[in-house]
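Observations on chain architecture
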Amino acid sequence: MGDDILSYNGGVALAMKGKECIAIACDKRYGVQNRTIATNFTKIFQYSDHCFVSFCGLATDVQTVSERLKFRTNLYELREQRKLKPNVLYNMLTNLLYERRFGPYFVFALVVGLDPKTGETFIYDSDNIGAVSDNVNLATVGTASEYIFGLGELFFKPNMNADELFEATSQALLNGVDRDSASGWGAVVYVIEKDKITVRELKGRQD
Amino acid sequence: MSGLAFEQPTGGFVFDNCRRNELLLSNGVLPGKIHKTGTTIAAITYKDGVVIAADSRCTSGTIIFDDNVLKIHRLSDNIYALGAGTAADCDFQTRLLESQLELLKLNQDRQVRVATAVRKIQQHLFRYQGHLGAYLIIVGVDVTGSHIATVHPHGSIAFLPFVASGSGGYTSLSVIEDRFKENMTEEEAKQLARDALYASTTTDLYSGSRINMYVLTKEKLDKFLPYEVVGVRSDKQNDYTLAKGTTQVLSTNVKKIEFDIVNEKVKTTTGTHEAMELA
C-alpha cells in the first residue's frame with residue numbers, strides 16, 4: 001500500500017443484505033502507518049433508527065465527515081419533523097462529498113438502511129467524491145476491501161435470515177482482515193432488523 | 001481554518017480542503033483511487049428516433065465495484081445522457097443539468113431541445129477547463145428531430161448520426177461503422193447497438209456484465225434493463241452456508257427499537273360460513 005492516503009490509518013467495513021435485515025461490520029484498528037495507536041476505533045455511525053453509515057479512510061476525515069453529516073441530518077430532522085430515510089441520507093452524503101470534488105475528503109462510505117414498514121433493505125456505497133451507486137447486495141470499503149469482496153461473494157446468498165447473515169458477514173470480515181496488516185484488532189457487527197438492532201463484538205486475532 | 005461551527009451550504013463547490021490536500025500530495029502521498037465508470041456507451045439514430053446502449057460495470061482501479069450500474073441518466077422526458085469517465089462527475093453534472101432543464105421547461109412552457117441541453121453542459125464544462133471528467137453522450141428527440149451529441153470534458157461537442165464513447169468506445173465504433181446505414185428500422189438499430197456493445201463488453205476489461213438499452217422516439221420510450229446479460233454468473237458449486245455459532249462472539253447487545261402504535265384494527269372472522277342459497 002505504501003504512501004496511499006487511504007491506507008494511512010487502515011480500517012475496513014462491510015455490509016450485506018438479508019431478508020428484511022442488514023448487517024454492517026467494521027474492524028477496530030486505528031493506526032498511523034505501521035504503528036497501531038488504538039484498538040477501539042469503530043467506524044460505524046448511526047443517523048436514524050434504521051440508518052447507519054460507515055466511513056473508512058483517513059481517520060481525521062472519518063471523524064469530520066461523520067460529524068458534518070450528523071449536523072446536516074439533525075437540521076433535516078428539525079426542519080422536516082421526521083426521521084431520515086436511507087436514500088435521503090445517501091443523497092446528503094454524496095452531496096457533502098461532491099461539494100469537495102476538487103479538495104476531497106479521503107473517505108469511502110457505506111450507507112445502509114432498512115424501511116421498517118416494508119422491510120425493504122438498502123445498501124449504497126460511495127467513493128471519496130460521492131459517486132452514486134445503486135442499491136447493492138454486498139459492499140465493502142477500506143484497505144482489506146479487495147480480500148473481503150471475494151469472501152463476501154462466496155458467503156452471500158439471497159434472502160438470508162438474521163443469524164445466517166451475521167455468520168456470513170462476520171466470517172467474510174474476519175478472514176479478510178487476517179490477510180491485511182492495516183486492519184483488524186477485533187470487529188463489531190451490527191445486525192439491523194425491523195424491531196431491533198443486535199450489536200456483537202467479535203473475537204478475532206489481536207494483531 | 002475559518003473555524004466555522006455553522007456551515008451554510010450555498011451550493012457549488014467548496015475548496016476548504018485544498019490547502020491540506022496540496023500539502024499531503026507534496027509530501028509524497030498518493031491520492032486515493034476514485035471510481036471511474038470505464039465503460040462503453042453508444043447511441044445510434046434510426047428512422048423514428050434513437051437507440052442508446054450502455055454496459056453496466058463500475059471499476060475502481062481494476063476492482064469491479066459495482067456490476068450493475070445504470071449509466072443512462074434522464075435529463076428530461078425526451079432527452080437522456082450517457083456518462084463515461086469519472087463516475088461522480090457524470091452523476092452530479094447530469095443531475096444538475098436535469099434540474100436546470102426542468103426549470104427552463106417550466107419557464108419557457110415548451111419541451112426542451114437537445115441543442116439547449118448540449119449548449120448548457122458544454123459551457124458549464126468549459127468553465128472547469130476539463131477538470132470535471134465527464135465524457136457525455138446527450139441524445140434526445142425534440143420538435144426539430146432526433147439528435148445525438150457527444151460532449152468532452154473540455155467543452156467540445158459534435159453532433160453525429162451515431163457515436164460510441166468510453167474505454168470500449170473504439171471497439172463499438174468499429175462495429176457500428178461497418179453496418180450503419182441511414183433510416184434503419186428499429187429492429188436493425190437495436191441489433192446493431194447490441195452487437196456493438198457485445199464486442200466491447202467482451203474485449204474491453206473496463207466494460208462488462210450487462211447491456212442496458214433505451215429506445216427513444218417522439219411517441220415512446222422503451223427501456224430494456226437489461227437488454228442482454230453478457231457476463232452470466234455461473235452457479236456456486238457448493239453451499240457455503242455457515243452454521244449458527246461459527247463465529248465466536250465476545251459480547252452481544254440488543255437494542256429494541258421503540259414503535260408507536262398509531263392505530264389498531266381488529267378483524268374477526270366467523271368460524272363457519274353459511275352455504276350459498278341458490279334460488
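A brief report on the enclosed structure follows. These numbers come from a predicted model, not from an experiment. Along each chain, residue indices are assigned from 1 in the same order as the chain's sequence is written. As a convention, the first chain written is A and the first ligand written is 1, with the rest following in written order. Confidence filtering applies because this is a predicted model: local features only for residues at pLDDT of at least 70, side-chain atom pairs given and counted only at 80 or more, and all residues used for totals across whole chains, interfaces and linings. Water and hydrogen atoms were dropped before computing side-chain values, which therefore reflect all heavy atoms in the structure.

**Points about the packing of aromatic side chains**
Worth spelling out the cut-off: Any two of the Phe, Tyr and Trp rings considered here, Trp counted by its six-membered ring, make a pair once their centres fall within 6.5 Å; the pair's planes then place it as stacked at under 30 degrees, edge-to-face at over 60, or tilted in between. Charge-over-ring contacts are defined here by two conditions on Lys NZ or Arg CZ: a distance within 6 Å of the ring centre and an angle within 35 degrees of the ring normal.
By the definition in use, this model includes 16 aromatic pairs over all chains. Aromatic ring contacts, followed pair by pair, group Tyr-98 and Phe-102 of chain A together with Phe-13, Phe-15, Phe-92 and Tyr-128 of chain B into a single cluster. Here the basic side chain of Arg-200 of chain A rests over the ring of Phe-166 of chain A, its NZ or CZ set 4.2 Å away from the ring centre. For the cation-ring pair, Arg-95 of chain B lies above Phe-92 of chain B, with the distance from its terminal atom to the ring centre recorded as 5.2 Å.

**Some points on the pattern of salt bridges**
Rules: Here, a salt bridge means any Lys or Arg side-chain nitrogen found within 4 Å of an Asp or Glu carboxyl oxygen. Helix numbers and strand numbers start at the N terminus; a helix is a DSSP run of H or I with at least 4 residues, a strand a run of E with at least 2. Here the term buried applies to any residue with accessible area under 20% of the maximum for its type, exposed to any over 50%, and partly exposed to those in between, with areas from a 1.4 Å probe on protein chains only.
Throughout the structure, instances matching the rule amount to 26 salt bridges over all chains. For the salt bridge of Arg-72 of chain A with Glu-99 of chain A, the shortest nitrogen-to-oxygen distance reads 3.1 Å. Of the two residues, Arg-72 of chain A is situated in helix 1 (residues 59–80) and Glu-99 of chain A in helix 2 (residues 86–99); the sequence distance between them amounts to 27 residues. With a relative accessible area of 14%, Arg-72 of chain A lands in the buried category. A salt bridge links Lys-190 of chain B to Glu-186 of chain B, with the shortest nitrogen-to-oxygen separation between them at 3.9 Å. Here Lys-190 of chain B and its partner Glu-186 of chain B are both found in helix 5 (residues 186–203), 4 residues apart, which amounts to about one turn of the helix.

**As for the nonpolar core**
Rules: To qualify as a nonpolar core, a set must consist of buried Ala, Val, Leu, Ile, Met, Phe, Trp, Tyr and Cys residues joined through side-chain atoms within 4.5 Å. When checking whether two residues touch, look at their non-hydrogen atoms; a contact exists if any pair is within 4.5 Å.
In this structure, Ile-24, Phe-52, Val-112, Ile-123, Tyr-190, Ile-192 and Ile-197 of chain A are the most contacted members of the largest nonpolar core, which totals 29 residues. Elements represented by at least two residues in this core include exactly strand 1 (12–17), strand 2 (21–27), strand 6 (51–57), strand 7 (107–114), strand 9 (138–142), strand 10 (187–193) and strand 11 (196–202) of chain A. Sorting elements by how many residues they give to this core places strand 7 of chain A first, with 4 residues. Discounting chain neighbours no more than four positions away, the residues touching Ile-197 of chain A are Gln-46, Asp-49, Phe-52, Tyr-190, Val-191 and Ile-192 of chain A together with Asn-253, Val-254, Lys-255 and Ile-257 of chain B.

**Quick look at the environment of Ala-189 of chain B**
Residues and elements named next belong to chain B. Checked against the element boundaries, Ala-189 lands in helix 5. Residue class for Ala-189 comes out buried when judged on its relative accessible area of 0%. Separated by 44 residues in sequence, Ala-189 and Gly-145 place their C-alpha atoms 17 Å apart. Apart from the residues within four sequence positions on either side, Ala-189 is in contact with Ile-44, Tyr-46, Val-51 and Met-184.

**Section: the pairing of strand 9 of chain A**
All names here are of chain A. The condition is simple: Pairing between two strands is assigned when DSSP locates at least 2 bridges connecting them.
Counting buried positions along strand 9 gives 4 out of 5 residues, so the element sits mostly inside the fold. Pairing between strand 1 and strand 9: 5 bridges, direction antiparallel. Looking at strand 9, one finds that Val-12 is bridged to Gly-142.

**Here we look at the sheet that holds strand 5 (residues 72–76) of chain B**
Residues and elements named next belong to chain B. Note the threshold: Axis lines are fitted through C-alpha atoms, for helices just across the contact stretch, and the angle between N-to-C directions can take any value from 0 to 180 degrees.
Taken together, 5 strands build an open sheet; the order of strands is 5-6-7-8-9 and the sheet is antiparallel. Either end of the sheet is taken by a strand with one partner, and the two such strands are strand 5 and strand 9 (157–159). For this sheet the average axis-to-axis angle between neighbouring strands, irrespective of direction, equals 20°. Relative to strand 6 (residues 79–85), strand 5 runs antiparallel, the two being bridged by 4 bridges. Pairing of Arg-74 across the sheet is with Tyr-80, part of strand 6. Across the sheet, helix 2 (residues 87–108) lies against strand 5, strand 6 and strand 7 (134–142), angled at about 20° from strand 5, the strand it touches most. The strands touched by helix 3 (residues 114–127) within the sheet are strand 6, strand 7, strand 8 (145–151) and strand 9, with strand 7 carrying the most contacts at an inclination of about 160°.

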